[in-house]
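# Summary of the model geometry
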Amino acid sequence: MELTKLIVTEKKAEQFSGDLLVYCVEQIKKNKALKCNNPMVQSWLEQLGSMGEFSGKEGECLLLYPQVDRKGTDVPGFFSAKRLLLLGLGELEEKGVDELRERCRQAGGVVAQQAAKVKAVKLMICLPESIGLRAKAVAECFSEGVLLGDYRFLKYKKKDPKGETYLGLVEIRLGVLAATDAIHKGARQGQIAAFAGREARNMANEPGNGWTPSHFAAHARMLAKKYSLKCTVLEKDDMERLGMGGILAVNQGSTEPPRMVILDYRPINASQILLVVGKGLTFDSGGISLKPATGMEEMKYDMCGGAAVMGLMQAIGEERPDLRVIAIVPSTDNMAGGAALKPGDIITHYNGLTSEIVNTDAEGRLILADALAYGVEKFKPDYVVDLATLTGAVIVGLGHHRTGVLGNSDELVGRLLAAGERCAEPLWRLPLGKEYTKQIESQVADIKNTGGKSAGTITAAAYLEKFVGETPWAHLDIAGTAWEFTEKSYIPKGPSGTGVRTLLELVRRWKMEEKKEG
Ligand code: BES
Ligand code: MN
Ligand code: ZN
């Protein structure tokens, strides 16, 4: 994992001498007062409030310079930090757990933004107390927010020789009254989730010529080595031998060979198996059904499902849950070379189903179909979840604010909806059904790869449904949320890393759900 150090500390914040010390301020509705857990700050708040300088509303920031105020003379008990940030949390009374968690995450994101503004590298946040959320969750969500907010992708920028470019936080201290095991665990969980999300963003930010199927394979091998996972990479000739006609068809127009990357986390005491499949399309030109030029560069993000799955496996490697988790990323680009797949062609998938290609731009389902059919047959999972930037139609329906979810299992979809709500990656379910499946019937093959103009997200999922058999399965269409996701403090412009935290939350809650059933 990366370098930012995260430390839980009981040490007095007054003695912290780093770049930025953060105090959170809560608005109390009843008596219109402001609340902060430091007596000195509390005494300032009344004055600041009456001067109208600071109201404590959500996201409000006030930067103070205690060092300048005390003019170099040492005042005992006064703040040693270079800067003091008062950060409004807004009203928190009568808020639900999910909402409070999100407040903390967003507050963490604002801290990262403010830190960047003043180029702070050493930071301390005094965590708010008694806000109706367990101290563990406060630590988790603040860490998550600040670390997700403290993200930048500078790999392709010119190095500045003077070293003036701000590279982000180096040390984050979380100030608490009592550094319990639970708080340590919370902070660690937040860190794991954030680093996994940042890793997914890094992959997504790479251009089509910087992240190819072979990069997915190399990354998976690295993870496998680091976390003792089993890594298998299917090469083009393996796919030919296995009859994976979908991914091979999409790859036909490319000079870059395809890969199917499999990572298997197998703990000794696992009773169930979760299979996750992510669309790893490293660039989608549309193929012969070429996309318009405007905005085509965004199709380097068409591998965000695969990136999310890789991020998840990193988090799993760190956390080592009692659940077997297997990840598959089918990966290729979709190009229009001379040998490319053509509209009208008929292909045969891994499970023997034939498909008439109506539009070569509906390629995601072709590579996912082989991966799903192969994964279900080979590993016999208890549950399957796939993630894909699959359809523009999901953006028409849900915009950039919710991921579309579809599936054959109310239970699995329900778990995903709850997990998404908990980590503020909200999902919305769309239906499946025979009327939609009928739209992908073909005159000449078993199915066809588009279902016409209407219900594009659903007919795409109806296609995938043909490849999971009876296995409980859910599909997340992240085309609207993988980038341009609802703008907020801890989600910068560009790829969001969506899906990583939802899946991680799903895994974290597994034990609890298993107990409910049994
Ligand atoms: N990768 C795209 C989906 C997409 C579109 C993601 C816009 C993000 C933003 C996918 O491969 C695709 O091209 N889908 C087509 C399907 C159609 C041809 C049936 C689409 O949505 O237009
Ligand atoms: Mn496409
Ligand atoms: Zn695509």
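This text goes with the structure placed above it.
Residues numbered from 1 in each chain as written. Chains lettered and ligands numbered in written order. Predicted model: local features only at pLDDT ≥ 70, side-chain atom pairs only at ≥ 80, totals over all residues. Heavy atoms only, no water.

## Re the coordination of the zinc ion (ligand 3)
Formally: In this listing, donors mean N, O and S atoms no farther than 2.8 Å from the metal, or 3.2 Å for Na, K and Ca; water is missing from the atoms, so a site can look incomplete. Think of it this way: with four donors and all angles in the 85 to 135 degree range, the site is tetrahedral; with four or six donors, opposite ones beyond 155 degrees and the rest between 65 and 115, it is square planar or octahedral; otherwise it is irregular. Burial here depends on accessible area, computed with a 1.4 Å probe over protein chains only, as a share of the maximum for the residue type. Under 20% is buried, over 50% is exposed, and the range in between is partly exposed.
Only Lys279 (NZ), Asp284 (OD), Asp302 (OD) and Glu363 (OE) from the protein reach the zinc ion (ligand 3) as donors, at distances of 2.0 to 2.4 Å. Each of the six donor atoms bound to the zinc ion (ligand 3) contributes to angles spanning 78 to 175 degrees, and the resulting shape is octahedral. Between the zinc ion (ligand 3) and the manganese ion (ligand 2), the interatomic distance is 3.1 Å, and Asp284 donates to each metal, bridging them. The exposure class of Lys279 is buried, given its relative accessible area of 2%.

## Notes on the packing of aromatic side chains
Here is the rule we go by: Stacked, edge-to-face and tilted labels apply to pairs of Phe, Tyr and Trp rings (six-membered ring for Trp) whose centres lie within 6.5 Å, assigned for plane angles under 30 degrees, over 60, and everything in between, in that order. Numbering of helices and strands runs from the N terminus; a helix is a DSSP stretch of H or I covering at least four residues, while a strand is a stretch of E covering at least two. By definition, being over a ring means that NZ of Lys or CZ of Arg is both within 6 Å of the ring centre and within 35 degrees of the ring normal.
For the structure shown, the criterion picks out 10 aromatic pairs. Ring plane angle 65 degrees and centroid distance 5.9 Å describe the contact between Tyr23 and Phe79, whose orientation is recorded as edge-to-face. Of this pair, Tyr23 sits in strand β2 (residues 20-28) while Phe79 is found in the loop between α2 (66-69) and β5 (84-91), placing the two residues 56 residues apart along the sequence. Each member of the pair, Tyr23 as well as Phe79, carries the same accessibility label: buried. With 6.1 Å between their ring centres and 45 degrees between their planes, Phe153 and Tyr156 make a pair best called tilted. Phe153 sits in the partly exposed class, given a relative accessible area of 23%. Members of the aromatic cluster, joined through ring pairs, are Tyr23, Trp44, Phe78 and Phe79. Against the face of Tyr383 rests Arg415, its NZ or CZ located 5.1 Å from the ring centre.

## A short note on helix α3 (residues 97-117)
Going by this rule: Take the number of residues in a helix, subtract one, and multiply by 1.5 Å to get its expected span.
Taking 1.5 Å per residue as the helical rise, α3 with its 21 residues ought to reach 30 Å, and the 30 Å between its terminal C-alpha atoms agrees with that figure. Looking one or two residues beyond α3, the residue adopting positive phi is Lys119, at roughly 55 degrees.

## Observations regarding the coordination of the manganese ion (ligand 2)
Six octahedral donors around a metal ideally subtend angles of 90 or 180 degrees, whereas four tetrahedral donors ideally subtend 109.5 degrees. Looking at the metal site, the manganese ion (ligand 2) is ligated by Asp284 (OD), Asp361 (O), Asp361 (OD) and Glu363 (OE), spaced 2.1 to 2.2 Å from it. Around the manganese ion (ligand 2), the six donor atoms are arranged such that angles at the metal cover 69 to 166 degrees; this shape is classified as irregular. Of note, the donors binding the manganese ion (ligand 2) are all from one chain and are spaced D-x76-D-x1-E. A residue is classified by how much of its surface remains accessible, and Glu363, at 1% relative accessible area, is buried.

## Thoughts on the site of ligand 1
How we decide: Each residue is tested against the molecule or strand, and it is near if at least one of its non-hydrogen atoms lies within 4 Å. Contacts described as polar in this section are N or O atom pairs within 3.5 Å, which, within protein, must combine one atom able to donate a hydrogen with one able to accept it, while residues neighboring in sequence count only if both atoms come from side chains. Computed with the Shrake-Rupley method and a 1.4 Å probe, the accessible areas treat only the protein chains shown as cover for residues. For each structure, a 1 Å grid was placed over the protein atoms alone; sets of points admitting a 1.4 Å probe that cannot get out are labelled cavities, open sets with protein on both sides within 12 Å along at least five of seven lines are labelled pockets, and lining residues have an atom within 4 Å of a point. Being in a pocket or cavity means that more than half of the molecule's atoms lie within 2 Å of its grid points. All amino acids are sorted into three groups, where Ala, Val, Leu, Ile, Met, Phe, Trp, Tyr, Cys and Pro are nonpolar, Asp, Glu, Lys and Arg are charged, and the leftover types, Gly among them, are polar.
Taken together, 17 residues sit near ligand 1, with Lys291, Asp302, Asp361, Glu363 and Gly392 positioned nearest. Measuring from an oxygen atom of ligand 1, one finds a side-chain N or O atom of Glu363 at 2.8 Å. Interatomic distance of 3.3 Å between a backbone N/O atom of Thr389 and a nitrogen atom of ligand 1. Considered on its own, ligand 1 offers 520 Å² of accessible surface; in the complex 79% of this is hidden by protein. Taken atom by atom, the bulk of ligand 1 overlaps the second largest pocket. Of the residues that constitute the shell around ligand 1, the class distribution is five nonpolar, five polar and seven charged.

## Examining helix α14 (residues 456-465)
α14 sits mainly inside the fold: nine of its 10 residues count as buried. Every buried residue of α14 is accounted for by Gly456, Thr457, Ile458, Thr459, Ala460, Ala461, Ala462, Tyr463 and Leu464.

## A few points about the layout of surface pockets
Operational definition: Grid points are joined across faces, edges and corners, and a volume is the space filled by probe spheres set on the points. Domain extents, as shown, originate in an automatic or database domain assignment.
What the largest pocket holds in volume is close to 720 Å³. As for the largest pocket, its lining consists of 25 residues, of which Lys136, Lys185, Gln189, Glu505 and Arg508 are closest to the centre. Mapped by element, the contributors of at least two residues to the lining of the largest pocket are α3, α4 (135-149), α5 (181-205), α15 (500-508) and α16 (510-517). Along the lines of polarity and charge, the residues of the lining of the largest pocket split into nine nonpolar, one polar and 15 charged. Looking at which domains feed residues into the lining of the largest pocket, each of domain 1 (5-157 + 168-199) and domain 2 (211-517) gives three or more. Considering only enclosed or pocket space, the second largest pocket measures out at about 600 Å³ in volume. Around the second largest pocket sit 28 residues that line it, and Lys291, Leu390, Thr391, Gly392 and Ala393 are the ones nearest its centre. Secondary-structure elements contributing two or more residues to the lining of the second largest pocket are α11 (393-398) and α14. For the lining of the second largest pocket, the residue count by class is seven nonpolar, 11 polar and 10 charged.

## Points about the nonpolar core
As a rule of thumb, soluble globular proteins bury nonpolar side chains together. The condition is simple: Side-chain atoms within 4.5 Å link the members of a nonpolar core, which is a set of buried Ala, Val, Leu, Ile, Met, Phe, Trp, Tyr and Cys residues. The contact definition used throughout considers only heavy atoms, calling two residues in contact when any of these lie within 4.5 Å.
Formed by 58 residues in total, the largest nonpolar core has its most connected members in Leu263, Leu274, Val276, Met310, Val385 and Leu416. Looking at this core, the element that brings in the most residues is helix α9 (residues 304-319), giving nine residues. Formed jointly, this core draws a minimum of three residues from each of two domains, domain 1 (5-157 + 168-199) and domain 2 (211-517). Ignoring any residue separated from it by four or fewer positions in sequence, one finds Leu263 in contact with Ala220, Leu223, Ala224, Leu229, Lys230, Cys231, Met310, Met313, Val325, Ile326 and Ala327.

## Points about the pattern of salt bridges
Side-chain pairs of opposite charge can arise whenever the charged atoms involved come near each other. Heads up, the condition is: We define a salt bridge as a contact between a side-chain nitrogen of Lys or Arg and a carboxyl oxygen of Asp or Glu at a distance within 4 Å.
One pass over the full model with this rule turns up 30 salt bridges. Notably, a salt bridge pairs Arg422 with Asp98, separated by 2.8 Å at the nearest N-O pair. Here Arg422, found in helix α12 (residues 410-422), pairs with Asp98, found in helix α3; they are 324 residues apart in sequence, far enough to count as distant. In this structure, Arg152 engages Asp150 in a salt bridge whose closest nitrogen and oxygen atoms are separated by 2.8 Å.

## Quick word on unusual backbone geometry
The backbone phi angle of Ser228 is positive, close to 50 degrees, even though this residue is not glycine. If you trace the backbone, Ser228 turns up in the loop between α6 (213-227) and β8 (230-234). At Ala455, a position not held by glycine, the phi torsion is positive, near 55 degrees. Along the chain, the position of Ala455 falls in the loop between β18 (447-448) and α14.

## Section: the pairing of strand β9 (residues 259-265)
Defined as follows: When DSSP finds at least two bridges between two strands, those strands are taken to pair.
The element β9 is largely enclosed, with a buried count of seven among its seven residues. Both faces of β9 are covered, namely the face carrying Arg259, Val261, Leu263 and Tyr265 and the face carrying Met260, Ile262 and Asp264. Bridge analysis of β9 against strand β12 (residues 324-334) gives seven bridges, and the strand direction is antiparallel. Paired with Arg259 across the bridge in β12 is Ser331.

## Digging into the side chain of Thr502
Turning to its location among the elements, Thr502 is positioned in helix α15. Within the local environment of Thr502, its side chain forms a polar contact with the side chain of Glu425, the two groups lying 2.5 Å apart. In contact with Thr502, other than residues within four places in its own chain, are Leu416, Ala419, Gly420, Cys423 and Glu425.

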